[in-house]
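Working through the structure, step by step
So you can see what is in the structure, the chains are spelled out below.
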Amino acid sequence: MKDFIAALPKAELHLHIEGSFEPELMFEIAQRNQIEIPYKTIDEVKKAYQFSCLQDFLDIYYAGAGVLIQEKDFYDLAMAYYQKCYENNVIHTEIMFDPQTHTERGIAFETVINGLQKARLDAKEKWGINSLFIMSYLRHLSEESAFETLKQSLPYKDLITSVGLDSSEMGNPPAKFKNVFEASVKEGYIPVAHAGEEGPAEYIWEAIDILKVARIDHGNRCLEDENLVQEIVKRNLALTVCPLSNLELRNTDVMTNHPLKRLLDRDIKATVNSDDPAYFGGYMNANFQAVQEALDLSKEDIITLVKNSFNYSFATDEQKKYYLEKVYEAVADFN
Ligand code: ADE
Ligand code: ZN
């Protein structure tokens, strides 16, 4: 199964570029920017990556992102992730980035987007990887700050496909961002939002009814509300599920209890994603392997998950057709 997973081309739909920041690169960039970080060795960093909840993780994640200053830093960060895509047979990826994590520290929006865009072009040329960008608003900040971010993004609108909502979920319901999501959609951005990761099913209702999301990030807790499950199926909304993240942030106690199989059994269009792989111990193949082993997923289940990843991506219909042919070819070659 491990080889089968590795052999299949995949799309990743839930990945925070700041969450792909490996300690080795963090040390290198901190040094060249002459920024002190509170760790002396890689081992010390890894030891600090023990989380008891989302907020625990976010505190460390924002601190790590604080060493990113120059356009080249964002370029290097993204290139390191694209290299992992290549190694994991991820041929299409939709990358989330948090502008406010940087603009709040005085880094210009253009520094961030220019670094990411250069990497996108180089990754396409070097590895043939296609990627889209999802600009995520930080929900612990105000809607006004999200509006400011929306405004800053407009000169780069053609480079950004979608807007998302991430950061501390509890106490920051989707409804808080109703107006900025409406304005973002008017600008042509496709709305998505984290909901039901730590927060209750009610937040998923708000994401679909108020923010009118095209996809739900995480969404695991929908299983607590039968009407919601039926609504998600009826509206054909996909969930971007992140197994190792759920385990590391204790939204799942053990992988054998992970809801992925139950979601698939309810005919929910689930996908597998890595979220913040540098912090949660694995990229795409590792996430697939972890759930495959723990939930005893069949080859058919894996194929369904991979097909969902392309079908529910924001790629064009023509691209989707091409990707699905690649999947069928890989399955045939493997047998
Ligand atoms: N930002 C980065 N990773 C996140 C996650 N798993 N949930 C919410 N915000 C995030
Ligand atoms: Zn996430």
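Residues numbered from 1 in each chain as written. Chains lettered and ligands numbered in written order. Predicted model: local features only at pLDDT ≥ 70, side-chain atom pairs only at ≥ 80, totals over all residues. Heavy atoms only, no water.

Within an unreviewed UniProt entry, the label attached to the chain reads Adenine deaminase, and the organism entered is Epilithonimonas hungarica. Here is the UniProt Catalytic activity (unreviewed entry) comment for the chain, exactly as written: "adenine + H2O + H(+) = hypoxanthine + NH4(+)". Looking at the Function (unreviewed entry) heading of the UniProt record, one finds this comment for the chain: "Catalyzes the hydrolytic deamination of adenine to hypoxanthine. Plays an important role in the purine salvage pathway and in nitrogen catabolism." (UniProt positions renumbered as here; feature names shortened; annotations may be inferred.)

Surrounding ligand 1, one finds His16, Leu54, Phe57, Leu58, Tyr61, Asp166, Ser167, His194, Glu197, His218, Asp275 and Asp276. Contacts to ligand 1 include histidine 16, whose side-chain N or O atom sits 3.4 Å from a nitrogen atom. Protein chains shield 100% of the accessible area of ligand 1, which is 260 Å² for the free molecule. When atoms are counted within 2 Å of each cavity's grid points, the one that captures over half of ligand 1 is the largest cavity. Considering each element in turn, the shell around ligand 1 owes the most residues, four residues, to helix α4 (residues 54-65). For the shell around ligand 1, the per-class residue count stands at four nonpolar, four polar and four charged. (Near = heavy atom within 4 Å. Polar contact = N/O pair within 3.5 Å; in protein donor to acceptor, adjacent residues only side chain to side chain. Areas by Shrake-Rupley, 256 points an atom, 1.4 Å probe, with all protein chains shown as cover. 1 Å grid on protein atoms, 1.4 Å probe; cavity = no way out; pocket = protein on both sides within 12 Å on 5 of 7 lines; lining within 4 Å. Sits in = over half its atoms within 2 Å of the grid points. Helix = DSSP H or I, 4+ residues; strand = E, 2+ residues; numbered from the N terminus. Nonpolar A, V, L, I, M, F, W, Y, C, P; charged D, E, K, R; others polar.)

A separate point is the sheet that holds strand β2 (residues 90-97). As summarised here, the arrangement of the eight strands in space is β1-β2-β3-β4-β5-β6-β7-β8, forming an open sheet in which the pairing is parallel. Each having just a single partner strand, β1 (10-16) and β8 (269-272) make up the two edges of the open sheet. Neighbour-to-neighbour, the strand axes of this sheet turn through a mean angle of 25 degrees, independent of strand direction. Bridging between strand β7 (residues 238-241) and β8 involves four bridges; their strand directions are parallel. If you follow alanine 238 over to β8, its bridge partner there is lysine 269. Packing against the sheet, helix α9 (residues 178-186) makes contact with β3 (130-138), β4 (162-166) and β5 (190-195), and its axis sits at approximately 160 degrees to β4. (Pairing = 2+ DSSP bridges. Axes fitted to C-alpha atoms, helices over the stretch in contact; angles between N-to-C directions. Contact = heavy atoms within 4.5 Å.)

Side chains of residues three or four places apart in an α-helix project in the same direction, reflecting 3.6 residues per turn. Helix length check: helix α5 (residues 71-87), at 17 residues, gives a terminal C-alpha distance of 25 Å against a target of 24 Å (1.5 Å per residue), a fit within 8%. Among the residues of α5, those classed as buried are Asp73, Phe74, Asp76, Leu77, Ala78, Met79, Tyr81, Tyr82 and Cys85. Buried residues in α5 make contact with β1, α2 (23-32), β2, α6 (99-103), α7 (109-127) and β3. Directly beyond the C-terminal end of α5, a positive phi value near 60 degrees is found at asparagine 89. (Expected span 1.5 Å × (residues − 1). Buried < 20%, exposed > 50% of the residue type's maximum accessible area, 1.4 Å probe, protein only.)

What follows covers the UniProt feature "binding site: substrate" (unreviewed entry) in the chain. UniProt annotation of "binding site: substrate" (unreviewed entry) refers to Asp276 when read in the numbering used here. Take aspartate 276: it is sitting in the loop between β8 and α14 (277-280). Apart from residues no more than four positions distant in its own chain, aspartate 276 is found in contact with His16, Gly19, Phe57 and Tyr61.

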